[in-house]
Structure formats: structure tokens, C-alpha cells
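Architecture and fold: a report
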Amino acid sequence: MTMRTYRLSVERAEGALERVLGVVRRRGLGLHRLSVDQAGDGHWDIAITAAASESEAGLALRQFNALLDVRTARSE
Amino acid sequence: MATAIATDTATRPAAQRGADLVCLALERCGVDVVFGYPGGACLPIYDALPDHPAIRHVLVRHEQGAAHMADGYARATGRPGVCLVTSGPGATNLVTGLACAFMDSVPVVAITGQVSTAVMGRDAFQETDVLGMVGPITKHTLLPRTAAEIVPAIERAMHIAVSGRPGPVVVDIPKDAQNALAELTDGSIMLDVRPALPERAIDEAADLLAAAERPLIIAGHGVRIARAHAELRELAERLDAPVAMTLLGIGGISEESELALGMLGMHGGAVTNRAVNAADVILGVGLRFDDRVTGKIAAFAPKAKIVHIDVDATQIGKNVPTAVGILADAREALRALIVRVPRRSHPEWRARAAGTKSRPRLEAFEARMSLAPRPVIRAIREVAAPDAYFVADVGQHQMWAAQYLRFTHPDRFLTSGGLGAMGYALPAALGVQYALRDTEVWAIAGDGGTQMTLQELGTAVQEGLPVKLAIMNNGYLGMVRQWQQLFHDGRISQTPISSPDYVKIAEAYGAFGACVTDRAQLIPALEAAQRHPGPAVIDLRIEREANVWPIVPPGGANADTIEGPSA
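Predicted model, so just to flag it, every value in this text is computed and none were measured. (Residues numbered from 1 in each chain as written. Chains lettered and ligands numbered in written order. Predicted model: local features only at pLDDT ≥ 70, side-chain atom pairs only at ≥ 80, totals over all residues.)

Of the regular secondary structure elements, chain A holds two helices and four strands. The order of helices and strands in chain A, counted from the N terminus, is β-α-β-β-α-β. Relative to the 2.2 N^0.38 estimate, which gives 11 Å for 76 residues, the radius of gyration of chain A is 11 Å and therefore close to what a compact globule would have. With the principal axes as the frame, chain A shows a C-alpha extent of 35 × 20 × 15 Å. Partitioning the contacts of chain A with sequence separation of at least 6, the portion at a separation of at least 24 is 67%. (Helix = DSSP H or I, 4+ residues; strand = E, 2+ residues; numbered from the N terminus. Rg over C-alpha atoms; globule rule 2.2 N^0.38 Å. Contact = placed C-beta atoms within 7 Å.)

Turning to the overall build of chain B, a few remarks are in order. The helix and strand tally for chain B stands at 24 helices and 22 strands. In terms of overall dimensions, chain B is globule-like: its C-alpha atoms have a radius of gyration of 24 Å, near the 24 Å expected for 567 residues. Across its three principal axes, chain B shows a C-alpha extent of roughly 70 × 60 × 40 Å. Within chain B, buried positions represent 57% of all 567 residues. Intrachain contacts of chain B at a sequence separation of at least 6 include 77% that bridge at least 24 residues. (Buried ≥ 20, exposed ≤ 12 C-beta atoms within 10 Å, placed from the backbone.)

Residues and elements named next belong to chain B. As far as domains go, chain B holds domain 1 (2-191), domain 2 (199-354) and domain 3 (360-548). In this complex, domain 1 contributes five residues to the contact, which on the side of domain 2 involves five residues. Of the residues contributing to the side of domain 1 that touches domain 2, the split by class is one nonpolar, two polar and two charged. (Domains from an automatic or database assignment. Nonpolar A, V, L, I, M, F, W, Y, C, P; charged D, E, K, R; others polar.)

The next point concerns the sheet that holds strand 3 (residues 33-36) of chain B. Residue and element names in this part refer to chain B. The six strands lie next to each other as 4-3-5-6-8-7, forming an open sheet whose pairing is parallel. A single partner strand is all that each edge strand has here, and the edge strands are strand 4 (56-59) and strand 7 (140-142). Pairwise comparison of adjacent strand axes, ignoring direction, gives a mean angle of 25° for this sheet. Here strand 7 runs beside strand 8 (residues 169-174); their pairing, made up of three bridges, is parallel. Each residue of the ladder has a partner; that of His-140, found in strand 8, is Val-169. (Pairing = 2+ DSSP bridges. Axes fitted to C-alpha atoms, helices over the stretch in contact; angles between N-to-C directions.)

This part covers the pairing of strand 11 (residues 215-219) of chain B. Residues and elements named next belong to chain B. Counting buried residues in strand 11 gives five out of five residues, a clear majority hidden from the surface. Burial along strand 11 is two-sided: Pro-215, Ile-217 and Ala-219 facing one way and Leu-216 and Ile-218 facing the other are all buried. When strand 11 meets strand 12 (residues 243-245), the two strands line up parallel, connected through three bridges. Directly across from Ile-218, in strand 12, lies its bridge partner Ala-244.

Any two packed helices are characterised by how steeply their axes cross, that is the angle between the axes, and by the distance between the axes. All names here are of chain B. Look at helix 9 (residues 199-211) against helix 14 (residues 330-338): their axes get within 10 Å of each other, and the N-to-C directions meet at 55°. On the basis of their axis angle, the class for helix 9 and helix 14 is oblique. The way helix 9 lies across helix 14 gives a crossing that is right-handed. For the pair helix 9 and helix 14, the contacting residues are Ile-202, Ala-205 and Ala-206 in the first and Ala-333, Ala-336 and Leu-337 in the second. Taken together, the residues that form the contact of helix 9 with helix 14 break down as six nonpolar, no polar and no charged. (Parallel < 35°, antiparallel > 145°, perpendicular 65-115°, else oblique. Left-handed = near helix turned anticlockwise from the far one by under 90°.)

Attention now goes to the nonpolar core. Of all hydrophobic cores here, the largest spans 197 residues; its most connected members are Val-22, Cys-83, Val-108, Val-243, Val-391, Ile-444 and Ile-538 of chain B. Take this core: its biggest share by element is nine residues, from helix 7 (residues 150-162) of chain B. Dropping the residues within four chain positions of it, Val-108 of chain B is found in contact with Ala-67, Ala-70, Asp-71, Ala-74, Pro-80, Gly-81, Cys-83, Leu-98, Ala-101, Ala-161 and Pro-168 of chain B. The next biggest cluster of nonpolar side chains, apart from the first, holds 18 residues, and it includes Ala-16, Val-20, Ala-50 and Val-70 of chain A. (Core = buried A, V, L, I, M, F, W, Y, C linked by C-beta atoms within 7 Å.)

Atomic detail in the predicted coordinates should be set aside for any region of low pLDDT. Residues and elements named next belong to chain B. Mean pLDDT for chain B: 94, with 96% of residues reaching 70 or above. Long-range and interchain partners of residues 1-7, a stretch whose pLDDT sits below 50, account for 18 contacts in this model, where long-range means more than four residues apart. For this predicted complex, the interface confidence comes out at an ipTM of 0.92, alongside a pTM of 0.95. (pLDDT = per-residue confidence, 0-100.)

Moving on, we get to the pairing of strand 4 of chain B. Looking down a regular strand, the side chains alternate between one sheet face and the other. Residues and elements named next belong to chain B. Alignment of strand 3 against strand 4, held across four bridges, turns out to be parallel. Across the sheet, the residue bridging to Phe-35 is Val-58, located in strand 4. A crossover connection joins strand 3 to the parallel strand 4 through helix 2 (residues 43-48); in handedness this β-α-β unit is right-handed. (Right-handed = clockwise from strand over helix to strand, strands pointing away.)

Okay, the environment of Arg-288 of chain B next. Residues and elements named next belong to chain B. Within the secondary structure, Arg-288 is located in the loop between strand 14 (281-285) and helix 13 (291-294). In sequence terms Arg-288 and Ser-116 are 172 residues apart; their C-alpha atoms lie 40 Å from each other. Setting aside chain neighbours within four positions, we find Arg-288 in contact with Gln-315, Lys-318 and Asn-319.

Attention now moves to the sheet that holds strand 20 (residues 468-473) of chain B. Within a beta sheet, neighbouring strands are joined by backbone hydrogen bonds and run either parallel or antiparallel to one another. Residue and element names in this part refer to chain B. Pairing within the open sheet is parallel, and its six strands lie in the order 18-17-19-20-22-21. At either end of the open sheet lies a strand with only one pairing partner, and these are strand 18 (413-415) and strand 21 (512-516). Neighbour to neighbour, the strand axes of the sheet diverge by 20° on average, direction disregarded. Lying over the sheet, helix 18 (residues 396-404) contacts strand 17 (389-392), strand 18, strand 19 (441-446) and strand 20, oriented at roughly 135° with respect to strand 19. Against the sheet, helix 19 (residues 425-435) touches strand 17, strand 18, strand 19 and strand 20, its axis set at about 175° to strand 19.

Next comes the structure, spelled out in C-alpha cells:
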């Protein structure tokens, strides 16, 4: 298990945060820190710091990117 | 692909009720039928419906039926199936149908009435947090809070439902938005942005397949969704590769083809599972390699390099390690592979993969039964029109149908594959029948599943939908009983189930009913049901303790397949 931070730009839409958290829950990410900041152009900047295995971390990133509300998602 | 939505602004009033905008949006999206059930929070939409005769409404008997009917309609047509229900219990009753559509990638758009925005979050009468409830079982959810947001939301929902990997979308519309006025805006144009074909991955896949000595293709539901049947057959013939099918991949290739191996996995053919285990390169097309397909993952296809084509990036590499992942529409990817791979010939491998399909031990068992499942399914196949659609419920009969119906026409088999929702068959068959009025549609269900949604027989009669419901009645929740017998030391717990007199039930609803207790009655009863112009129910009293064979024990590898009953 390694700790990494996912940075997401997410549309401010009904249910968007729940969908993001759904990926955290379904992939069993060990949530360490979560921050949501309102950005200027109708979206949220979300940072999720979590522990995950290599395989689940990669799958989580793909699942974040597959969400329709997510404009961009990357991990570092 | 662009979805252009026509408008006719010259003949419309400037501002219209949100409820009318719901109907106009559906009309603009080409919706011709809505499966629904009215209630307080969607009353304005029901008030508007009569003014929009292009949209037929099918009144269901329970909202679960509406979701399954929309599902059946969508699977039969490739177009979104639409259901319409009220808030609270109307929406909660949809949940099973939405989850089913989600698991099986079916484009369903559910419109749920919601309490007015002024009382949302105050535990108003019939209020539920619909979006919170359905989030994990839908592709997307939308909540237009004003009348002006309704049309864009519905148009977006219809687009999302069918684009990429299809799935259900819920549009939750508060009652005050339905009653408020807004102008109908021009139709939006939504682009279906498909990923560019990953040329390098396709080259790598082509190289692997060309070099394979024992290639095998596994066709999943994605083949059918992408309408890639011709491409699948062409590639299989080019590679001389046998084709195994998942439960939902059945119909991806004609079972008359020499290359068709039948279903793999837990109740797949033993020869099919052996072929998968022996293959050196497997091309998986549009499937997620779920546990019913793979058995014990660590032992799945141990000699094979796996090439996986899927339109959903989250599926590639999720369950099985892949040598090459191709993120693409199945048809486009198969076309690209066809032009890249050389024609190969593997006669020895094909013969080995096809194996021998005779099952003398099972046949000996069946000979002792008055009404064995296999002859019953074969009789239904014999009587039904060659191009008939079959919708199986969930349980033993589902597997018998998958094993023995033998599909030669594409896409004629529907079932709740991922969710395994009992009660699916009858309402889904009604959705298929609505879409394809002149086609014969059979629902095959057990006595357990039948009793979950039997009330939709009322819908069939009211709408004049002549679905034939064949009930494989063994007085048990048969699949669970089988597991109790085989894997729980024979301790039968709460699986015997009684049934009403289905003939009387059918007749009470105004349908045809027949009961079959031995082989001599079978064909005449099926033919009588088929001849009847309306819905029909055939109560087939099959052998009570017949089991589904083969079976891979739970947690076991496909190589552990138990082929049949011990002598």
C-alpha cells in the first residue's frame, strides 16, 4: 500500500461529490485527507490523499476519469 | 456521432409547463413509449401526456416492471427505454430494474417525480433522496430544479444512456419545476466523442493473434451492443479461432457455426471451459471477465495471453491481467484487427476445442424423469418461431435456456446476467414485445421468479401483448436448492415453494393457461399457447430435483467443472 494524492477537477453538479466518494469506497482506498475547494469556473478542485495497492490505485484513477462530472483526474 | 434534435419553434407557445416540456423533450428524442405508473409527484406529467399522443404510455402494475420493460425495449431496439414513476415508493421500486440495467449496460432513462423544491430535504410525504439512492447503480443522475433545466436534462440523459458503454440515467424532476413555465429552447447538439483507435495496441494484438497456435475468442455483451456480429464471425474465421460466449454474449455468433463453442464459465460446457484453459491467446471482446466467467481467477486460462477489447476503460485489467488492452468500440476494434491479421488454419486445435458434446450420463438420468428440463427447453425451441425472442428469468431454467435453446439468429436471448434479478423475464419480455409487435416473444421463468412479477400479466392483457410465459415449475427455488444439495450437505432450507394454480391465474387475468405434467402433453400445450392471439401461460411441471450441469463449484476453477450427476 502506498499513499498518493488524486487531484480532480469536477463539475459542480448534483451528486458529483457522491460519485467521486463512491469510487473511493468501491476501490477500498484508505482515505487520509479530503479537500474540496470551489474554483471559479463552475467546478470543484478536489484533492484526495489515500492509501491503495498499485492495482487498485490505477483502477481508481481510471474510474475517476470515467465519471461524467470529472473534467480531469491525475494522481501524484 | 452527433445527436441533432429537431425543433419547431414557429408553432409553439412562448412558454410552456415543465410537464409539457418533459413530453416535448421525449418527443424530440424520438421516444414512442413510456412505461410508467402515476403518483402525486409526477401528476403534472401525467396531466400533460394526453396532449402528446406521439408518446404511448404503458401502465405497469409495479414500478419494478416499468424498469424491466424499459430494459427489454432497449435491448430489443438499441434505443433508450424510458420509464416514468412518482417520488418515494415509485422511485424505490425502480431500484432493482435500474441495477439490472446498470450491470448489463442497458440504456434506460428513468424519470422520477420529486417533491417540490420548497419541501425537499424536509422528509415530505413520499420524499426520498432519489439521487443519493441510485447513484451507485446508474451511469448518471440529473436533478433539474427549474422548468428551464428540464429539456436539457432529458436530452442529456438520453444521450448519456446510449453513448460509450450504455447504462441507466435517472432524471429526478421536482413537482414545482413540472408546474412552472419556461420556454422550449432549441435542441442541443451533443457529440459522441469516441476514443481514437489505439493503433499501437491493435498492432500488438494482431501480432499476438497471428502468432497464436491455440487462439480463442470470448464474445461478451459488448459484441451485441456494438452490433459487431459480422465482424466477430469474420475475424474468427480468419483466425480459425473457436468462439466461447458469456451468458449475455449468446447470440453474438450463430450456434450453427462450426466455430461456436457455446457458453463458458460456471454453467458453461465442460469442453468450452477446457478449451479456454488450453488456449494460448484469448481475445475477449466486450466482457468484464466476471467471476461467473472466470471461476477462480488465479487458475483462469493459465496458458493464455489475454487481449481485451472494451469500450469502458475501467474494465480493462480490472479482473484479469491483460497482455494488451484495447479501449474501443467492439466493432471498430474488430474491423481494425481483421485487416491486420493473416488468414490462419488450426484444424487440430479447433477439433480439440470442440471436443465431444455427447452427455450419455445426463441422458440416462433424463430418461428416468417424466418431464426433464432439457427436452422441455428443446420443445419450446422446436415450437417457437425460428426468429423468436426468448427472455429468461434467473435460476436453473436460465441456465437450461442458455445451454439448450441454440440461437441461430443474433440477439434473441435476453436475461438479467449481471444482477441476476428474479422477476425480470415477464416484464422484460413485455418491453421486447412492445418494441417488436410482429415478433414472437417467450418468457421462460421458474416458479419463484414468476411469483415476483406475475402481476404484469395484467399489463400484458391490457396492452394486448401476446407474450408466452413458460413456467419451469419444480416447486423449489431450484438453483438455491441445488446449491444446498451439492454444497451444504443436502440441508434443504426454505427453498420448497408453493404456487397458485397458474391456469386459473392466467384465466382470471384474461390470458390463456395450460398445465403440462408429462411429455405427451408438452408439444400440444406449447402449440396451443403459441396459437393463442393474446398472452399465454404454460405451467410446466418439470422434474422436481433436476440439477443444472455442468457446474463449477463456488470458488473453484473452471478446470474443476463437475460434468454431471454421479451415477
